[in-house]
Each structure stands twice: as structure tokens, then as C-alpha cells.
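Here's the letter readout for the chains.
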Amino acid sequence: ATISLTGPDGVWFGVGMNAQAMEDLPYAIIVNGTGGVMERKMGNHLPGTQLTDSITVQSNSVVNGVRSIVMTRPLQGLTKDHFTFNPFTQSTLPFISAVGNSSAFAIHRFKGSSKITVTAQDGVSCVCNAGVQGSINGLGFHKNCVPEPYGDLVQQKNPTCWVQTYQGGLHCCHHNWILLDQDQNPWMNITDNYHLKFRFWYEEYDPAGPSHTALPRVYYQTEAWSTEYDIPKKMDSTPAGAAVHQITAHWQVHQMVRPEPGAKGIELIYAGGHCHAPSCLSMELYHADTGRLLCRHDPVYGQGEGKFGENGYLALPPCLWGSAEEGLESPILLPFNAN
């Protein structure tokens, strides 16, 4: 395959293959500010890991501040993390692109998504219905709403999954986007200065202990990578107290964490559910293979008194495991194939 990329000289730019968002965890080609090329397996809004080189740079030139790179690589990916190009079965290739602020690969300044359509030379190309597609303020709309049994949003026909039913949310909120008319902008020529104060409690490390253990953070979304979802309006005939909306996700442990050689699974030490809306009633984590309830979160609502007790404040106490001396239950081993 021959790949040509162009972008501004002096800063990094890149593309991620077969993806419409970073949560698709794509194979990416990154060009740094001096023309160096690397291949990466991207993380979910994380830099991911650098891959073994499979690309050969054929040319690298800069004209009027625009860098052009022509490179080649085999159609077949070098590893499972290298994307495999198959023009015989994939006529449309979605991709994401980004441009950075610095020469070295770091957070992006601009981003976008689009698609490449492959047509046959001296042959017949099939024109297919790819469904309704669209963009918001120039950025392609993409939601990774997974079907059952992994998530409920597609089955529930939640409006967040499709651009024609999208009601608003994170896809309308990006850097420097202001959701007001131009003459309503209250921040024009105004700079707000603010300060943040952090306080950290810590224990000195005792090498004879060891007194500290690294705890990898694992993560999964109940909305299964849609990142957000709508709570539908109740039917008029439903009493307010009986109007409860619920979604469920099903996954295995290995989908949250890369298994380490020799490890049998993970032990839960801390489980903290995450919920933005003040209407959050509860969250539960089950070991589906045994039916055991591992953790339940019941929000604590502020009553207008004291720090973290203000009206409208919602706290979600976590579930903790540890030693009997600490008054905690023993950690629970979850095999990598546990549901």
C-alpha cells in the first residue's frame, strides 16, 4: 500500500484507520514536526502504545509550510494491532485525523473524522446504502452504541446513537465552541483568572514492607462506549415515583485490562461507579457467572449542611476490599474470562 499524508510543518499530525473516534482504539500513523513517522495502537483518549515499524518512507518534503510524506507498507498488518488493508472486502475506510500544538506527539489542537471510498479501476463499483450519516460543526458524528448482549442503547432506540435523533450533548461541546448566537457571547474580550488548591495525604514508602502496592485502574462504561445517553421522558400515564429508566452492560474482565503473563485475573480493591446526573438512583456491579452482587452504589444527597452536604450535591461512596483488621471483606478474584 502507498500512503500519502500532508500536514503543517513544525507540528505533529496523524490519522487513525478504520475509526470515527478515539474510543474505537485505532491503528494510527503519526508524523512529528520534523517528518519522523511512527505507528501506534491508540487508547481511549490516551496515547496508547508505539508499534513495531512496518512503514518505509519514500519521500519527505516541505513546500510553503506544508509537509508531504509518501510511505509504503504491506497491505497485511505486521501484528494484530497493525491495521490490515483489504480493498477487496472494504470499499469504505473511515478514519480520524488530528493536528497537534507541538513537534512531539501530544494532545491535539484540531481533530476530525471522514471516510475514504475505494472504487474499482476498469471495473464495476457497487454503490451501497451506508445509512444516515452526518456531522456537527464539521466533525463527523459517530457513536459506538453496541448491540445486545453488550449494551441496551440500540435495543432501546436511545436517541443518542444516531445523528438524526441526537438531542445534544458531548458532540456539541468541543474546545472553543460556544453554544450561543454571536451577539450573545458574554466572554468576548474578558479573561477570567482563577486558582486551584490541592491537598494530598500520603504515607512514606517503606522498602522493607513493601508498604505500597500499585493498583491498575480498569474502566468500562455501562453505556458501552457511547459515552452518554438520553433518559427518555416518561409516559403521561406513569406516576412520577414509578418512572425509572435502567440500562445494563455485559462484558468480560479481559475487555477492561490487558492480561499479564501468569496472572489468573484481577482482585477488586476499590470500585467506584461514576454518574453525572443528579437523578442517578443506584448502580450495581454483578459477577454474572455466579449471580453475586459485588458492589452497589447508593448516592448520598446533600441536605444543605456542611462541606459536601450542600443542596444538590451528590456523593457516591465507593466499595472497598482489604483486610479483616481494617474491617473490610477480602478482595475478590475475578478471572479474565469472568462475566
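Worth saying up front: this structure is predicted, and the values here are computed from it rather than measured. All residue numbers refer to positions counted from 1 along the written sequence of the respective chain. At least 70 in pLDDT is required for a residue's local features to be given in this predicted model, at least 80 for side-chain atom pairs to be given and counted, and no such filter applies to totals for whole chains, interfaces and linings, which use all residues. As a rule here, side-chain values come from all non-hydrogen atoms in the structure, and water together with hydrogens is ignored.

## Regarding the pairing of strand β5 (residues 46–50)
Note the following rule: Two strands are said to pair when DSSP picks up at least two bridges between them. Strands are runs of DSSP state E lasting at least two residues, helices are runs of H or I lasting at least four, and both sets are numbered from the N terminus onward.
In terms of strand pairing, strand β4 (residues 37–43) meets β5 through 3 bridges, oriented antiparallel. Paired with K41 across the two strands is T49, which belongs to β5. The loop that links β4 with its antiparallel partner β5 comprises 2 residues; one of these, H45, has a positive phi angle of about 60°.

## A few points about the sheet that holds strand β6 (residues 56–63)
Condition: Axis lines are fitted through C-alpha atoms, for helices just across the contact stretch, and the angle between N-to-C directions can take any value from 0 to 180 degrees.
Read across the sheet, 3 strands follow the order β1-β7-β6 without closing on themselves; strand pairing throughout is antiparallel. Strands at the two margins of the open sheet, each flanked by one partner only, are β1 (2–8) and β6. Pairs of neighbouring strands in the sheet enclose a mean axial angle of 15°, with direction left out of account. Where β6 and strand β7 (residues 66–72) come together, 7 bridges link them in antiparallel fashion. When the sheet's bridge partners are listed, V57 is paired in β7 with M71.

## Re the nonpolar core
As a reminder, the rule being used: Among buried residues, the Ala, Val, Leu, Ile, Met, Phe, Trp, Tyr and Cys ones that are joined through side-chain atoms within 4.5 Å form a nonpolar core. Using a 1.4 Å probe on the protein chains alone, a residue whose accessible area is under 20% of its type maximum counts as buried, one over 50% counts as exposed, and one in between counts as partly exposed. Contacts are assigned to residue pairs with any non-hydrogen atoms lying within 4.5 Å of each other.
Counting 18 residues, the largest nonpolar core has L5, M17, Y27, I29 and M71 as its most contacted members. Of all the secondary-structure elements, those providing two or more residues to this core are β1, β2 (13–17), β3 (27–31), β7 and β8 (92–100). In contact with M71, other than residues within four places in its own chain, are A1, T2, I3, L5, I29, V37, I55, T56, V57 and Q58. Of all hydrophobic cores here, the second largest spans 13 residues; its members include V257, A271, L294 and W321.

## Some thoughts on the state of the cysteines
For the record, the criterion: The definition used for a disulfide is geometric: two cysteine sulfur atoms within 2.5 Å.
The final tally for this structure, using the stated rule, is 2 disulfides. Sulfur-sulfur distance for the disulfide between C145 and C161 comes to 2.2 Å. On the sign convention where negative is left-handed, the bridge of C145 and C161, at about -95° about the S-S bond, is left-handed. One end of the pair, C145, is in the loop between β11 (139–140) and β12 (265–268); the other, C161, is in the loop between β11 and β12, with 16 residues separating them in the sequence. For C161, a relative accessible area of 8% gives the class buried. Between the sulfur of C295 and that of C319 lies a disulfide, 2.0 Å long from S to S.

## Remarks on the environment of L281
Relative to the helices and strands, L281 resides in the loop between β13 (270–271) and β14 (283–287). A sequence separation of 19 residues divides L281 from V300, and the C-alpha atoms of the two residues are 9.7 Å apart. Beyond its immediate chain neighbours, meaning those up to four positions away, L281 contacts V244, H297, D298, P299 and Y301.

## So, the pattern of salt bridges
Condition: The salt bridge definition used is simple: a Lys or Arg side-chain nitrogen within 4 Å of an Asp or Glu carboxyl oxygen.
Applying the stated criterion across every chain, the model contains 6 salt bridges. Put simply, E284, R296 and D298 are held in one network by salt bridges that share partners.

## Focus: the confidence of the model for the protein
Stated precisely, the cut-off is as follows: Every residue is assigned a pLDDT by the predictor, reflecting its confidence on a scale from 0 to 100.
The share of residues in the protein with pLDDT of 70 or more is 96%, and the mean pLDDT across the chain is 87. Across the protein, element-level confidence peaks in β3 with a mean pLDDT of 96 and bottoms out in β11 with 75.

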